[in-house]
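Geometric and topological summary
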Amino acid sequence: MKNFAAIDFETANNERSSVCSVGIVIVKNGEIADSFYSLILPEPNYYNYWCCQVHGLGHNDTDNAPIFPDVWKQIEPLIKGLPLVAHNCQFDLQFLYSLLKRHFPQEADEIVSSLNWIDTVSILKDRKEFPHKLIDAVNYYEVPEVNFHRAIDDTKALYEVTKKMKEERDDLLDYVNV
């Protein structure tokens with residue numbers, strides 16, 4: 001698998017529509033060709049303590065951030081036609097779907113059903129013993145330390161992990177939409 005988009009969302013609270021940042025790394029021919037990061041005004045616009053502790057973002061970071069539809073206009077052409085790689089993709093997919101359903105209700109189902117996902121947690125579970133967090137994958141595959149829970153940094157780490165997984169065994173396409 002030489003072409004894909006690694007994607008990660010961070011959230012402000014427990015609401016599925018509360019995405020406050022997104023990071024994307026575009027991989028072409030096995031190398032990072034582009035990256036995208038944006039803060040997003042969360043919906044609803046409040047932060048819970050635990051989310052702030054995880055990623056360090058808060059109102060000061062996102063009160064003037066763009067709303068999701070404006071960010072989606074930038075994301076959609078970047079990821080078009082590429083399989084999306086995420087660590088625990090069900091987490092990221094539910095947030096993306098919630099935002100698409102909220103802002104593009106007529107198109108959301110079609111958009112999401114057209115996406116192909118590869119979940120590195122599923123691959124990790126097949127190859128390594130528990131635990132299976134991104135930090136564990138980074139350690140298993142000896143990826144240089146990253147600033148975890150910053151969406152763009154997580155996607156860069158995810159790229160490195162995915163590359164090492166492919167080197168370990170070239171069967172990643174067997175995990176599409178699994």
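Just above sits the structure.
Residues numbered from 1 in each chain as written. Predicted model: local features only at pLDDT ≥ 70, side-chain atom pairs only at ≥ 80, totals over all residues. Heavy atoms only, no water.

1. Focus on helix H3 (residues 68-79)
Short version of the rule: In this text, helices come from DSSP runs of H or I with a minimum length of four residues, and strands from runs of E with a minimum of two, each type numbered from the N-terminal end. To estimate the expected span of a helix, count its residues, drop one, and scale the result by 1.5 Å. Here, residues are in contact when the closest pair of their heavy atoms is within 4.5 Å.
Its 12 residues place the ends of H3 16 Å apart at the C-alpha level, agreeing with the 16 Å of an ideal helix rising 1.5 Å per residue. Of the surrounding secondary structure, the elements contacted by the buried residues of H3 are strand S1 (4-11), strand S2 (19-28), strand S3 (31-39), strand S4 (84-86), helix H4 (89-103) and helix H5 (108-114). A positive backbone phi angle near 80° is found at Gly81, which sits one or two residues after H3.

2. Brief notes about the packing of aromatic side chains
Aromatic ring pairs are reported here in terms of the distance separating the ring centres and the angle at which the planes meet. Which entries qualify depends on this criterion: When the centres of two rings from Phe, Tyr and Trp lie within 6.5 Å, Trp using its six-membered ring, the rings pair. Their planes under 30 degrees apart give stacked, over 60 give edge-to-face, and anything left gives tilted. Only protein chains enter the calculation, and the probe is 1.4 Å; a residue is then buried if its accessible area is under 20% of its type maximum, exposed if over 50%, and partly exposed in between.
Per the stated rule, a full pass over the model turns up three aromatic pairs. Pairing Tyr49 with Trp50 gives two aromatic rings, centres 4.9 Å apart and planes at 80°, and the pair type is edge-to-face. Trp50 carries the same exposure label as Tyr49, and that label is exposed. Centre to centre, the rings of Phe68 and Trp72 are 6.0 Å apart; their planes meet at 25°, and the pair counts as stacked. Residue Phe68 and its partner Trp72 are located together in helix H3, separated by four residues, close to a single helical turn.

3. Describing the packing of H3 against H4
Selection rule: Angular values range over 0 to 180 degrees, each being the angle between N-to-C directions of two axes fitted as lines to C-alpha atoms, with helices fitted over their stretch in contact. Angular relationships are summarised with four words: roughly parallel below 35 degrees, roughly antiparallel beyond 145, roughly perpendicular across 65 to 115, and oblique for the angles in between. Crossings are assigned a handedness: left-handed for a near helix turned anticlockwise from the far helix by less than a right angle, right-handed for a clockwise turn. Under the scheme applied, nonpolar residues are Ala, Val, Leu, Ile, Met, Phe, Trp, Tyr, Cys and Pro; charged residues are Asp, Glu, Lys and Arg; polar residues are all the others, including Gly.
The contact between H3 and H4 brings their axes to 10 Å, and the two run at 115°. Between H3 and H4, the interaxial angle falls into the category roughly perpendicular. The way H3 lies across H4 gives a crossing that is left-handed. Each of Phe68, Pro69 and Trp72 in H3 lies in contact with H4, whose residues at this interface are Leu96, Leu99, Leu100 and His103. Along the lines of polarity and charge, the residues of the contact of H3 with H4 split into six nonpolar, one polar and no charged.

4. Let's talk about the pairing of S1
Using the following cut-off: Pairing between two strands requires that DSSP report at least two bridges joining them.
Of all eight residues in S1, eight are buried; the element is thus mostly enclosed. Here S1 shows two buried faces, one formed by Phe4, Ala6, Asp8 and Glu10 and the other by Ala5, Ile7, Phe9 and Thr11. Taken together, the eight bridges between S1 and S2 define a ladder with antiparallel strand orientation. Bridge assignment links Thr11 to a residue of S2, and that residue is Val19. Pairing geometry for S1 and S4, over two bridges, is parallel.

These values are about where atoms sit, not about what they do.
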